[in-house]
Amino acid sequence: MKLVSLFFLFAIILIASVAASANSAHGKTSAKDTIIKLDSVRDRKLLKLKKPAKDAKTINGTGYSKAQRDTTPKGSGLKSIIRATAEDSSYTDRVNRLSYLYGNAKVVYEDFELNAEYIRIDEKNHLIFARGIIDPKKRYGPGRPISKSGSEKPVKSDSLMFNYDTKKGKIWNPATEQDGNYISGGLAKVLPHDEVAYRNVIFSTCALPFPDTHFGIVITKGIGQKSRIISGPAYLEVEGVPLPFAIPFGFFPKPNTRTSGVILPTFGEDQKLGFYLRNLGYYVGINDNIDITFMASLYSKGSYELSANSRYLKRYKYGGNLTLSYGSHNYGLVGDPARKDFNITWSHSQDPNAHPGTTFSASVNAGTSSFYQSTRAQDSYNLQSLTQNNLRSSINYGKTWAGTPFNLNVSLGHSQDLTKKTVTLELPTFSFNMATISPFDPKDRVGEQKWYQKLNVGYSLVGTNKINNVPESELFSKNTLTKRLQNGFQHTIPVSLNINAFKYFQFSTGGNYVERWYFQSIRKSFDRGSINGSLTPITDTVPGFARAGEYSLNAGVSTKVYSTIQFKKGNLKAIRTTTTPQLSFSYRPDFGDPSYGYYRTAVSTASVPYPYTSQRYSIFEQSVYGGPSSGKQAGIGFSLDNTIEAKVKPKSTDTSGVDRKVPILQGLSLSTFYNFAADSLKLSNISLSGHTSILNQKININFSGTFDPYSTLIRDSITNGSVQNYIRRVNRLSIRDGKFPTLQNFNMSMSASLNPSTFRPKQQQNVNGTMAAMNPDQAQRLALINSDPSAYVDFNVPWNLSVNYSFNYQNNIISSNVTNTIMLSGDVSITQKWKVQYNTTYDVRAGKLSSATSFAIYRDLHCWDLSIQWLPFGYYKSYNVTLKVKASILQDLKLSKRNDYTNNQSFQ
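Rules used in this analysis
Each chain has its residues counted from 1, running along the sequence as written. Only residues with pLDDT of at least 70 get local features here, since the model is predicted, and only at 80 or more are side-chain atom pairs given and counted; chain-wide, interface and lining totals rely on the full set of residues. As a rule here, side-chain values cover all heavy atoms of the structure and leave hydrogens and water aside. Working definition: helices are DSSP H or I runs of at least four residues, strands are E runs of at least two. Numbering for both runs from the N terminus. Exposure is judged per residue with a 1.4 Å probe applied to protein chains only, and the accessible area is read against the type maximum: over 50% gives exposed, under 20% gives buried, and values in between give partly exposed. By the convention used here, residues are in contact when the closest approach between their heavy atoms is within 4.5 Å. For accessible areas, the Shrake-Rupley method is used with a probe of radius 1.4 Å. Any residue's cover is judged against the shown protein chains and nothing else. As a per-residue measure, pLDDT reflects the predictor's confidence and takes values from 0 up to 100. Strands were regarded as paired on the criterion that DSSP finds at least two bridges between them. Each Phe, Tyr or Trp ring, with Trp reduced to its six-membered ring, pairs with another whose centre is within 6.5 Å; inter-plane angles below 30 degrees give stacked pairs, above 60 give edge-to-face pairs, and intermediate values give tilted ones. Distance and angle both matter: a charge sits over a ring if NZ of Lys or CZ of Arg is within 6 Å of the ring centre and within 35 degrees of the ring normal. We define the nonpolar core as a collection of buried residues of types Ala, Val, Leu, Ile, Met, Phe, Trp, Tyr and Cys that are connected through side-chain atoms lying within 4.5 Å of one another. We count a salt bridge whenever a side-chain nitrogen from Lys or Arg sits within 4 Å of a carboxyl oxygen from Asp or Glu. Under this definition, polar contacts are N or O atom pairs within 3.5 Å; protein pairs additionally need one hydrogen-donor-capable and one acceptor-capable atom, and for neighbouring residues in sequence, both atoms have to be side-chain atoms. Exposure above 30% relative accessible area and the lack of any salt bridge qualify a residue for a patch; like charges then connect within 9 Å, and the nonpolar side chains Val, Leu, Ile, Met, Phe, Trp and Tyr within 5 Å.

**Focus on the overall build of the chain**
At step 1: Looking only at helices and strands, the chain has 7 helices and 53 strands in total.
At step 2: Counting across all 908 residues of the chain, residues that qualify as buried make up 37%.
At step 3: Relative to all contacts within the chain whose residues are 6 or more apart in sequence, the contacts with residues 24 or more apart total 52%.
At step 4: As displayed, the chain offers around 51200 Å² of accessible surface, 56% of which is attributable to carbon and sulfur atoms.

Have a look at this one:
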């Protein structure tokens, strides 16, 4: 399917298939071939003549009727009845046994259907002729014949002649589509024995019918049979101009399934890797549900790239895409070891209706950290892929038992830090959960709940096998699984009680118990003769079962306070504030106490003249779920949340007369905690956060900050012969010295996503968007978009603009740091067919654009796409020009010219 030369095969298959069902193939002929001479009697209405002869059947004094007619003559020998209808009128010439149908006429014979503006039935010769309204300017007008046979797709044409007895016929300038391929223009003649002869047929992926077809392959002469296709001369035509690409003849087998074939490569030169042969491949169409594409890229200096991509789809069940890639590149001198890279991507989704109560999904992206930077044949111009710092994968299975509060989830996880070149694996992680239940509330309860019936209890169990932050080079070593694999289980039991107290207050109390089970713990020790402050203790892993339990208690009370300010003049009628204060108490014992056994102390051997050194540690600090925290906590927490909104008179154009509510501040929160059990610095930092939106919810604003309530002293020290400053917090509130708490950090962000629908929103239609509702063509296009989202451009939206402003302030007393950036991205349609995309970041403080600034220009050529991607400066400076076919089955038919960013002199 993806081989250019197989265009002929597709064209002939489609023509033969259509012709065999009396819909036929298509011809590219002059206008005179389709002109039928009109008869003064038969075509009286078209010639605007007077009434028909007296021997014609009349209704209401005319020779026309609107009734449905059975035109099958007695004794004709036909197997079925011909049924004919017309919305405008019909006329029957009984002498010549001719019937004429006008205005959205329709003829049905067995499984053959025909609709046209004008249809003539010749009962004597068993012929049906159909055509649309003749329009000299457009060559073809409305009401063109549409013919269909059985389950075949409809065929449009300028005119057709069909013998319903012998099943022979001709079709002039037809247009039909099948599996993303279009046939238009030319002439086709149906022959006996399921054969079709054709002349000047245009096969193309362009949906526009002849003569508006932009490009295609013209097959001048040919014959299609059931098991084989014989083609005469064929040549390529673009915008009606023949190109010097032709073959004298072709002989092809006619397959009944998907066709496999070679994918033609691209040629060029890379400054680092030499001359290349890129994306040479082979497509294997296994069946209608799965296919595989093998690709290879070869370079003259010894580098190569291999990949295999498989797409699969089972309607109403599942669908997905799997890609395996491997590359070997030598960027150094001849003889240097090559850099090996691999990558695996897998996406899988399940129709939610396939297995109710059970879900399975996968999103995998794993490989070496340098894969996207090294592999040339990949999309080297996707900034998101080039600049990403992490790769993540997850495979999830879920099971819910109907009628019970229980559910199970099992997942395999992968996280990869491309900067540090470390990998974290979870093999696997599971969770078994019980939804919150009320054990003292009977199902047959009548009346309101009593206070004890509001008691809620939940349960969850999670377990994992985890390899944490393993270097890529050690991931597949033999000791990784045996010595670095960590596992454990964690049980959590939350208990809560929520009741209303004194009408205006909400009271809540509860507790939480956590139990952790491990099969290993750690011990730390110092070597003999250790020198104080000069070494790190040795950590040993001790096998054996170890458990750790912890609990906490909490209670809280909250209420809401409303206040309103009324205005008598102007459009502003009122401002209302809603304040939600909350007091909470929490208690947690000190699990660092030696009696629990969760913490130990490593002590070095004392030696003269050096004293001993010691270090306190948790025996679970390297475990997957950690261990109980040390330090007793018994204190009161305070939080305050505020919202402010205004009530405004309705606009003069608003006929409802309902006041408008305009949010001014959607949330402003202030919180802190005072720990009575701490020996000093009992008050925690004060946290401030808020969010709102302006301009009718078009711009979102978020901000947050942290204040230190204690005073801070700056001290000096001498280190390596230089003076160093350090800070020391003092157990004294800064407000006692008349100072406001110190602002440690502050963050603010503003974001807006604007397009025409933002200002003129359209009513959403209720469309079933599940996989079950998609037809095969939609599913194929969706799979194509999912495999390459950057290739999708929506020309229906004239412009898009996304603005993100970020401000960050950090203050550690000695020094401060400020970042101030603006991110712009979006697109604009210059014309209906031209679109420009842009993406950049501007550093306000530095006064310069990011080196990742990019532009993209797209031109919609109807059945072709032209794209230009340009990174004008920076490390990734490059360009890429691609002209490709839109049809999903011909995505590898493209021309490309590009300059890789890796050809830059700064590339290492």
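Here the narrative resumes.
**Some thoughts on the confidence of the model for the chain**
At step 1: Overall, the predicted model of the chain reaches an average pLDDT of 80, with 79% of residues at or above 70.
At step 2: At the low end of the mean pLDDT range in the chain sits helix H1 (residues 7-20), at 37; at the high end sits strand S42 (residues 699-708), at 95.
At step 3: Note that residues 1-38 has pLDDT below 50 and, in this model, 147 contacts with residues that lie over four places away or in other chains.
At step 4: A low-confidence stretch, residues 764-772 stays under pLDDT 50, and its non-local contacts, those more than four residues away or across chains, total 9 contacts.

**A closer look at the pairing of strand S35 (residues 561-566)**
Looking along a regular strand, one sees side chains alternate from face to face of the sheet.
At step 1: Of all 6 residues in S35, 0 are buried, a share of ten percent or less.
At step 2: Here S35 hands over to strand S36 (residues 572-588) after 5 residues, with Gly570 in that stretch at a positive phi of 80°.

**Considering the packing of aromatic side chains**
At step 1: All told, the structure shown has 24 aromatic pairs when counted by the stated rule.
At step 2: An angle of 90° between the planes, with centres 5.9 Å apart, marks the rings of Trp451 and Tyr452 as edge-to-face.
At step 3: What makes Trp451 exposed here is its relative accessible area of 58%.
At step 4: Overall, the relative accessible area of 37% leaves Tyr452 in the partly exposed class.
At step 5: An aromatic cluster is built from Tyr518, Tyr551, Phe591, Tyr596, Tyr598 and Phe620, whose rings are joined through pairwise contacts.
At step 6: The ring of Tyr276 carries the charged tip of Arg278 above its face, separated from the ring centre by 4.0 Å.

**Quick word on the nonpolar core**
At step 1: Counting 18 residues, the largest nonpolar core has Leu101, Val107, Leu114, Ile119, Ile121, Ile128 and Tyr164 as the members making the most contacts within it.
At step 2: Residue contacts for Ile119: discarding those within four places in its chain leaves Ser99, Tyr100, Leu101, Ala105, Lys106, Val107, Leu114, Ile128, Phe129 and Ala130.
At step 3: By size, the runner-up hydrophobic cluster in this structure holds 13 residues, among which are Phe526, Ala546, Ala548 and Phe620.

**Let's talk about the pattern of salt bridges**
At step 1: Applying the stated rule across the entire model yields 13 salt bridges.
At step 2: Here Arg445 ties to Asp441 by a salt bridge, and the two come within 2.6 Å at their closest N and O atoms.
At step 3: Among the ionic pairs, Lys833 bridges to Asp860, the shortest N-O distance being 3.6 Å. Pair noted here: Lys833 is in the loop between strand S47 (816-829) and strand S48 (834-843) and Asp860 is in strand S50 (residues 854-860), with a separation of 27 residues, a long-range link.
At step 4: A residue is classified by how much of its surface remains accessible, and Lys833, at 32% relative accessible area, is partly exposed.
At step 5: Here Asp860 falls in the buried class, since its relative accessible area comes to 10%.

**Section: the side chain of Ser328**
At step 1: As for its position among the elements, Ser328 is in strand S25 (residues 318-329).
At step 2: Reaching out from Ser328, the side chain makes a polar contact with the side chain of Lys340 at a distance of 3.1 Å.
At step 3: Those residues in contact with Ser328, other than ones at most four positions away along the chain, are Ser303, Tyr304, Ala338, Arg339 and Lys340.

**Notes on a nonpolar patch on the surface**
At step 1: Residues Phe502, Tyr504, Phe505, Phe507, Val557, Leu583, Phe585, Ile636, Phe638, Tyr674 and Phe676 make up a contiguous nonpolar surface patch of roughly 1100 Å² in combined accessible area.
At step 2: Elements supplying a minimum of two residues to the nonpolar patch: strand S33 (505-525), S36 and strand S39 (633-648).
At step 3: Of note, Phe505 is situated in strand S33.

**Here's the deal with the pairing of S47**
At step 1: In this sheet, S47 lies alongside strand S46 (residues 799-811) in antiparallel orientation, the contact comprising 13 bridges. Following the sheet pairing, Asn811 is matched in S47 by Ser816.
At step 2: Pairing between S47 and S48: 9 bridges, direction antiparallel. Residue pairing for S48: Met823 is matched across the bridge by Thr841.
At step 3: What sits between the antiparallel neighbours S47 and S48 is a turn of 4 residues.

**With respect to unusual backbone geometry**
With the exception of glycine, most residues fall at negative phi, and the peptide bonds are largely trans.
At step 1: For the bond running from Leu427 to Pro428, omega is -15°, close enough to zero to count as cis.
At step 2: Note on placement: Pro428 falls in strand S30 (residues 422-437).
At step 3: A positive phi angle, close to 75°, is found at Ile813, a residue other than glycine.
At step 4: One can find Ile813 in the loop between S46 and S47.
At step 5: Classification of Ile813 by relative accessible area gives partly exposed; the value is 31%.

**As for the environment of Pro405**
At step 1: Along the chain, the position of Pro405 falls in the loop between strand S28 (390-400) and strand S29 (406-417).
At step 2: Of the residues examined, Pro405 reaches a relative accessible area of 30% and is grouped as partly exposed.
At step 3: If we skip the residues at most four places from it in the chain, Pro405 touches Asn433, Met434, Ala435 and Ile437.

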